[in-house]
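Below, each chain spelled out in residue letters.
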Amino acid sequence: MTLEALAGDGYRLEFDERPPLLTVRLLGDAETTLERTREYWLRIAESANACGAEQLLVLDALPGEVMSDEDLLRFFDSVGTLGLERVRIAYVEGRIDQVSRIEYVELLALERGYRIRMFGNESEARMWLRYGGD
(Lines give C-alpha, C1' and ligand atoms only; values in the text may rest on other atoms or scores of the structure.)
Protein backbone atom coordinates (compact mmCIF):
# COMPACT_ATOMS: atom_id res chain seq x y z
CA MET A 1 0.00 0.00 0.00
CA THR A 2 1.31 3.44 -0.94
CA LEU A 3 -0.32 6.70 0.13
CA GLU A 4 0.49 9.99 -1.56
CA ALA A 5 -1.08 13.42 -1.93
CA LEU A 6 -0.62 16.04 -4.63
CA ALA A 7 -1.98 19.57 -4.52
CA GLY A 8 -2.68 21.94 -7.36
CA ASP A 9 -4.44 25.24 -7.87
CA GLY A 10 -7.77 24.71 -6.08
CA TYR A 11 -7.61 20.91 -5.84
CA ARG A 12 -5.95 18.11 -3.90
CA LEU A 13 -5.48 14.49 -5.00
CA GLU A 14 -5.07 11.78 -2.38
CA PHE A 15 -3.78 8.49 -3.80
CA ASP A 16 -4.00 5.03 -2.28
CA GLU A 17 -2.18 2.37 -4.29
CA ARG A 18 -3.14 -1.26 -3.67
CA PRO A 19 -2.24 -3.13 -6.86
CA PRO A 20 -3.93 -3.61 -9.21
CA LEU A 21 -6.12 -0.74 -7.89
CA LEU A 22 -5.25 2.94 -7.63
CA THR A 23 -7.78 4.97 -5.64
CA VAL A 24 -7.85 8.74 -6.00
CA ARG A 25 -9.84 11.04 -3.73
CA LEU A 26 -10.42 14.38 -5.45
CA LEU A 27 -10.90 17.34 -3.12
CA GLY A 28 -10.96 21.09 -3.65
CA ASP A 29 -13.01 24.19 -4.14
CA ALA A 30 -16.11 24.71 -6.25
CA GLU A 31 -14.46 26.28 -9.30
CA THR A 32 -14.61 23.95 -12.31
CA THR A 33 -12.52 24.93 -15.31
CA LEU A 34 -11.27 23.02 -18.30
CA GLU A 35 -7.66 23.85 -17.45
CA ARG A 36 -7.94 22.67 -13.85
CA THR A 37 -9.76 19.48 -14.80
CA ARG A 38 -7.20 18.72 -17.51
CA GLU A 39 -4.37 19.33 -15.02
CA TYR A 40 -5.62 16.97 -12.33
CA TRP A 41 -6.48 14.24 -14.86
CA LEU A 42 -2.96 14.52 -16.24
CA ARG A 43 -1.64 13.96 -12.71
CA ILE A 44 -4.04 11.04 -12.18
CA ALA A 45 -2.92 9.45 -15.46
CA GLU A 46 0.75 9.92 -14.60
CA SER A 47 0.23 8.17 -11.26
CA ALA A 48 -1.80 5.34 -12.82
CA ASN A 49 0.84 4.79 -15.50
CA ALA A 50 3.73 4.99 -13.02
CA CYS A 51 2.31 2.29 -10.76
CA GLY A 52 0.93 0.14 -13.58
CA ALA A 53 -2.63 0.35 -12.29
CA GLU A 54 -5.15 -1.86 -14.04
CA GLN A 55 -8.08 -0.34 -12.13
CA LEU A 56 -8.74 3.25 -11.15
CA LEU A 57 -11.29 4.35 -8.56
CA VAL A 58 -11.92 8.10 -8.55
CA LEU A 59 -13.83 9.46 -5.55
CA ASP A 60 -14.98 12.94 -6.54
CA ALA A 61 -15.64 15.11 -3.48
CA LEU A 62 -15.45 18.39 -5.40
CA PRO A 63 -18.38 20.74 -4.70
CA GLY A 64 -18.45 22.21 -8.23
CA GLU A 65 -20.65 21.59 -11.26
CA VAL A 66 -19.76 19.35 -14.20
CA MET A 67 -18.24 21.30 -17.10
CA SER A 68 -20.31 22.53 -20.04
CA ASP A 69 -20.84 20.25 -23.05
CA GLU A 70 -18.35 22.29 -25.09
CA ASP A 71 -15.66 22.08 -22.41
CA LEU A 72 -16.27 18.35 -21.97
CA LEU A 73 -15.61 17.78 -25.67
CA ARG A 74 -12.43 19.89 -25.49
CA PHE A 75 -11.40 17.98 -22.36
CA PHE A 76 -11.70 14.58 -24.05
CA ASP A 77 -9.83 15.88 -27.10
CA SER A 78 -6.97 16.97 -24.83
CA VAL A 79 -6.61 13.79 -22.74
CA GLY A 80 -6.81 11.18 -25.47
CA THR A 81 -3.10 10.33 -25.30
CA LEU A 82 -2.73 9.82 -21.54
CA GLY A 83 -3.07 6.02 -21.60
CA LEU A 84 -6.20 5.82 -19.45
CA GLU A 85 -8.09 3.78 -22.04
CA ARG A 86 -6.14 0.70 -20.87
CA VAL A 87 -7.35 1.16 -17.27
CA ARG A 88 -10.76 0.09 -15.94
CA ILE A 89 -12.17 3.26 -14.34
CA ALA A 90 -14.92 3.58 -11.74
CA TYR A 91 -15.91 7.17 -11.02
CA VAL A 92 -17.94 8.03 -7.92
CA GLU A 93 -19.75 11.37 -8.07
CA GLY A 94 -20.15 12.80 -4.60
CA ARG A 95 -22.98 15.16 -5.53
CA ILE A 96 -26.24 13.32 -6.16
CA ASP A 97 -27.60 16.33 -8.08
CA GLN A 98 -24.77 15.90 -10.63
CA VAL A 99 -25.33 12.20 -11.37
CA SER A 100 -27.36 12.79 -14.54
CA ARG A 101 -24.62 15.09 -15.89
CA ILE A 102 -21.91 12.60 -14.98
CA GLU A 103 -23.83 9.88 -16.85
CA TYR A 104 -23.49 12.06 -19.96
CA VAL A 105 -19.74 12.22 -19.31
CA GLU A 106 -19.72 8.41 -19.11
CA LEU A 107 -21.31 8.20 -22.57
CA LEU A 108 -18.72 10.57 -24.02
CA ALA A 109 -15.92 8.50 -22.47
CA LEU A 110 -17.35 5.19 -23.70
CA GLU A 111 -17.60 6.60 -27.22
CA ARG A 112 -13.86 7.30 -27.02
CA GLY A 113 -12.92 3.78 -25.96
CA TYR A 114 -12.57 4.16 -22.20
CA ARG A 115 -13.65 1.31 -19.92
CA ILE A 116 -15.54 3.42 -17.43
CA ARG A 117 -18.68 3.49 -15.28
CA MET A 118 -20.08 6.25 -13.12
CA PHE A 119 -21.52 5.56 -9.68
CA GLY A 120 -23.32 7.34 -6.88
CA ASN A 121 -21.54 5.36 -4.15
CA GLU A 122 -18.17 3.80 -3.51
CA SER A 123 -19.31 0.28 -2.61
CA GLU A 124 -21.03 -0.26 -5.98
CA ALA A 125 -17.98 1.13 -7.77
CA ARG A 126 -15.64 -1.24 -5.95
CA MET A 127 -17.95 -4.17 -6.70
CA TRP A 128 -17.91 -3.32 -10.43
CA LEU A 129 -14.12 -3.03 -10.44
CA ARG A 130 -13.77 -6.47 -8.84
CA TYR A 131 -16.50 -8.43 -10.59
CA GLY A 132 -18.26 -6.39 -13.27
CA GLY A 133 -17.97 -6.96 -16.99
CA ASP A 134 -16.97 -4.33 -19.50
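The model shown is predicted, which means the values in this text are computed figures rather than measured ones.

1. Observations regarding the overall build of the protein chain
Here comes step 1: A tally of helices and strands in the protein chain yields 4 helices and 6 strands.
Here comes step 2: Ordering the α and β elements of the protein chain from the N terminus gives β-β-β-α-β-α-β-α-β-α.
Here comes step 3: On C-alpha atoms alone, the protein chain measures out to a radius of gyration of 14 Å, which is about the 14 Å that the 2.2 N^0.38 rule sets for 134 residues.
Here comes step 4: Within the protein chain, residue pairs in contact and separated by at least 24 positions form 73% of the contacts whose partners lie at least 6 positions apart.
Here comes step 5: Roughly 6900 Å² of accessible area belongs to the protein chain as shown, and the carbon and sulfur atoms make up 51% of that amount.
Here comes step 6: One way to put it: in the protein chain the 16 positive side-chain charges average out to a point 4 Å from where the 26 negative ones average out.

2. Re helix 4 (residues 122-131)
Here comes step 1: Taken residue by residue, helix 4 has Ala125, Trp128 and Leu129 as its buried positions. Summarising the axial view, the buried residues of helix 4 lie within an arc of 100°, below the 170-degree limit, and thus occupy one face. Exposed side chains of helix 4 directed beyond 90 degrees from the buried face belong to Ser123, Arg130 and Tyr131.

3. Remarks on the pairing of strand 3 (residues 21-28)
Here comes step 1: Bridging between strand 2 (residues 11-18) and strand 3 involves 8 bridges; their strand directions are antiparallel. For Tyr11, the partnering residue across the bridge sits in strand 3 and is Gly28.
Here comes step 2: Hairpin connection from strand 2 to strand 3: 2 residues lie between these consecutive antiparallel strands.
Here comes step 3: Two strands pair when backbone bridges link them, and strand 3 and strand 4 (residues 55-60) are joined in this way by 6 bridges, in the parallel orientation. Within the sheet, the bridge partner assigned to Thr23 lies in strand 4 and is Leu57.
Here comes step 4: For the crossover that starts at strand 3, traverses helix 1 (residues 34-51) and ends in the parallel strand 4, the hand is right-handed.

Analysis parameters
- Residues numbered from 1 in each chain as written.
- Predicted model: local features only at pLDDT ≥ 70, side-chain atom pairs only at ≥ 80, totals over all residues.
- Heavy atoms only, no water.
- Helix = DSSP H or I, 4+ residues; strand = E, 2+ residues; numbered from the N terminus.
- Rg over C-alpha atoms; globule rule 2.2 N^0.38 Å.
- Contact = heavy atoms within 4.5 Å.
- Areas by Shrake-Rupley, 256 points an atom, 1.4 Å probe, with all protein chains shown as cover.
- Lys, Arg positive; Asp, Glu negative; His and termini not counted.
- Charge placed at Lys NZ, Arg CZ, Asp CG, Glu CD.
- Buried < 20%, exposed > 50% of the residue type's maximum accessible area, 1.4 Å probe, protein only.
- Arc of directions from axis to C-beta.
- Pairing = 2+ DSSP bridges.
- Right-handed = clockwise from strand over helix to strand, strands pointing away.

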